[in-house]
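A look at the structure
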Amino acid sequence: MQKFVGTKTLHRADVAVYVATCPFSRETLDIAMQAGVTAVHRGLLEAWSAGAKLQVLK
């Protein structure tokens, strides 16, 4: 996540979404929140593929 946060800054992204097929640790989620990065983990991907709307992307 720390490397991704640096990439977000480097490219001056308006929106940053980090998607992974594994769960994120609490520490990783805290870093993402502080940096304004939306973290989407496997459970959310599974729900989205089943048709659920992802609240995290609103």
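You'll find the structure just up there.
Residues numbered from 1 in each chain as written. Predicted model: local features only at pLDDT ≥ 70, side-chain atom pairs only at ≥ 80, totals over all residues. Heavy atoms only, no water.

**Observations concerning the pairing of strand S2 (residues 37-40)**
This is how the line gets drawn: Type-normalised accessible area, obtained with a 1.4 Å probe on protein chains alone, sets the label of each residue: buried when under 20%, exposed when over 50%, and partly exposed for intermediate values. Comment: elements are numbered from the N terminus, with helices defined as DSSP H or I runs of at least four residues and strands as E runs of at least two. By the convention used here, strands pair only if DSSP detects at least 2 bridges between them. Crossover handedness is defined here as right-handed if the route from the first strand over the helix to the second strand goes clockwise, with the strands pointing away from the viewer.
Of the two faces of S2, the one lined by Val37 and Ala39 and the one lined by Thr38 and Val40 are each fully buried. Bridge analysis of strand S1 (residues 16-19) against S2 gives four bridges, and the strand direction is parallel. Directly across from Val17, in S2, lies its bridge partner Thr38. Handedness of the crossover joining S1 and S2 through helix H2 (residues 26-35): right-handed.

**Some points on the nonpolar core**
This is how the line gets drawn: In this description, a nonpolar core means a group of buried Ala, Val, Leu, Ile, Met, Phe, Trp, Tyr and Cys residues linked to one another through side-chain atoms lying within 4.5 Å. Two residues form a contact once any of their heavy atoms are found within 4.5 Å.
Met1, Ala16, Ala20, Phe24, Ala32, Val37 and Ala39 form the largest nonpolar core, which has seven residues in total. Look past the residues within four positions of Ala20 in its chain and what remains in contact with it is Val40, His41, Arg42 and Leu45.

**Details of the pattern of salt bridges**
The line we're drawing: We define a salt bridge as a contact between a side-chain nitrogen of Lys or Arg and a carboxyl oxygen of Asp or Glu at a distance within 4 Å.
Per the stated rule, a full pass over the model turns up two salt bridges. The partner of Arg26 in a salt bridge is Asp30, and the shortest N-O contact between them spans 3.6 Å. In this pair, Arg26 and Asp30 both sit in helix H2, four residues apart, roughly one turn of the helix.

These figures come from the coordinates and say nothing about function on their own.
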